[in-house]
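Remarks on the overall topology
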Amino acid sequence: MSPIQNTKLKRLGLFTLADARKLGIDQPSLSRLVQQGTLQRVGRGIYLHPEAKISPNTIDFQIAQIKFGETAAIGGLSALFHYNLVEQVPGQTWVIVPPKIHTAERMYRLIRTKADDRVGILSKDGYRIVSIERALIEALRFSTKIGERTALKAVRTALTKRLTTEAKLGRIAKSLKLESTLARYFEAIAL
């Protein structure tokens, strides 16, 4: 690997085999670089330059984004934990994906939804994550997966800490066509 290729891979941080090929690095060369310890393999066809400036708090989010594509977004318990609305560290990375995407990997918990993948989604450095409001509304919507107590506590915490408002929750619920979900829990979360 040339110094120029090394610099470009370092700048990319996380990259795929396709990204490496664009720089003129083939699969056998990548395998050699991984064996030498120059690069790290973090998933099937996904590599990490060890000198890349990637936060350890978000590397799992970035890997999930690469694995599940540009329409995926971090959500569920992972988003609630990211926003400090739950104390328990999720054992899996929760990802919102279109209905057709599946995985057998146990490190991911997929939430398949037909909801608009642009509503309440924030683009961060290398990954997409739901906004606080969408995280809360979907926590209520998927309370059977997240836990009803956990979802209600997260909503109350966000409202008490003034991280969001009931009006903002109402707007995102309307945009996602989940007004009935919010209405069902409104008395329990109203302050």
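Residues numbered from 1 in each chain as written. Predicted model: local features only at pLDDT ≥ 70, side-chain atom pairs only at ≥ 80, totals over all residues. Heavy atoms only, no water.

Right, let's get into the overall build of the chain. When helices and strands are counted, the chain shows ten helices and eight strands. If one aligns the C-alpha atoms of the chain with their principal axes, the spans along those axes are about 60 × 30 × 25 Å. Looking at the chain as a whole, 46% of its 191 residues are labelled buried. Taking as baseline every contact in the chain between residues at least 6 positions apart, the subset at least 24 positions apart corresponds to 53%. On the chain, roughly 11000 Å² of surface is accessible, and the fraction owed to carbon and sulfur atoms is 49%. (Helix = DSSP H or I, 4+ residues; strand = E, 2+ residues; numbered from the N terminus. Buried < 20%, exposed > 50% of the residue type's maximum accessible area, 1.4 Å probe, protein only. Contact = heavy atoms within 4.5 Å. Areas by Shrake-Rupley, 256 points an atom, 1.4 Å probe, with all protein chains shown as cover.)

The subject of this paragraph is the nonpolar core. Membership of the largest hydrophobic core comes to 53 residues, with the highest contact counts inside it found for Phe68, Leu80, Leu85, Val95 and Leu136. Aside from chain neighbours lying at most four places away, what touches Leu85 is Leu80, Ile132, Leu136, Ala154, Thr157, Ala158 and Leu163. Counting nine residues, the second-largest nonpolar core is a separate cluster that includes Ala20, Ile25, Leu33 and Tyr47. (Core = buried A, V, L, I, M, F, W, Y, C linked by side-chain atoms within 4.5 Å.)

What links the strands of a sheet is backbone hydrogen bonding, and the strands pair in either a parallel or an antiparallel sense. Read across the open sheet, the three strands follow the order β1-β3-β2; overall the sheet is antiparallel. Single-partner strands in this sheet number two, and they are β1 (14–16) and β2 (40–43). The sheet shows a mean angle of 40° between the axes of neighbouring strands, direction not considered. On the sheet, helix α3 (residues 27–36) packs against β1, β2 and β3 (46–48) and is oriented at approximately 45° with respect to β3. (Pairing = 2+ DSSP bridges. Axes fitted to C-alpha atoms, helices over the stretch in contact; angles between N-to-C directions.)

Let us now look at the packing of aromatic side chains. All chains considered together, the criterion is met by three aromatic pairs. Relative to Tyr108, the ring of Phe68 has its centre 5.1 Å away and its plane inclined at 85°; by these criteria the two rings are edge-to-face. Of this pair, Phe68 sits in helix α4 (residues 59–68) while Tyr108 is found in strand β6 (residues 108–112), placing the two residues 40 residues apart along the sequence. Each member of the pair, Phe68 as well as Tyr108, carries the same accessibility label: buried. (Phe/Tyr/Trp six-rings, centres within 6.5 Å; stacked < 30°, edge-to-face > 60°.)

Packed helix pairs are specified by the crossing angle of their axes together with the interaxial distance, meaning the distance between the axes. For the pair helix α6 (residues 132–141) and helix α10 (residues 179–189), interaxial distance at closest approach is 9 Å and the crossing angle is 80°. Accordingly, the angle class assigned to the pair α6 and α10 is roughly perpendicular. Here α6 contributes Ile137, Leu140 and Arg141 to the contact with α10, which in turn contributes Thr181, Leu182 and Tyr185. Its residues assigned to classes, the contact of α6 with α10 comprises four nonpolar, one polar and one charged. (Parallel < 35°, antiparallel > 145°, perpendicular 65-115°, else oblique. Nonpolar A, V, L, I, M, F, W, Y, C, P; charged D, E, K, R; others polar.)

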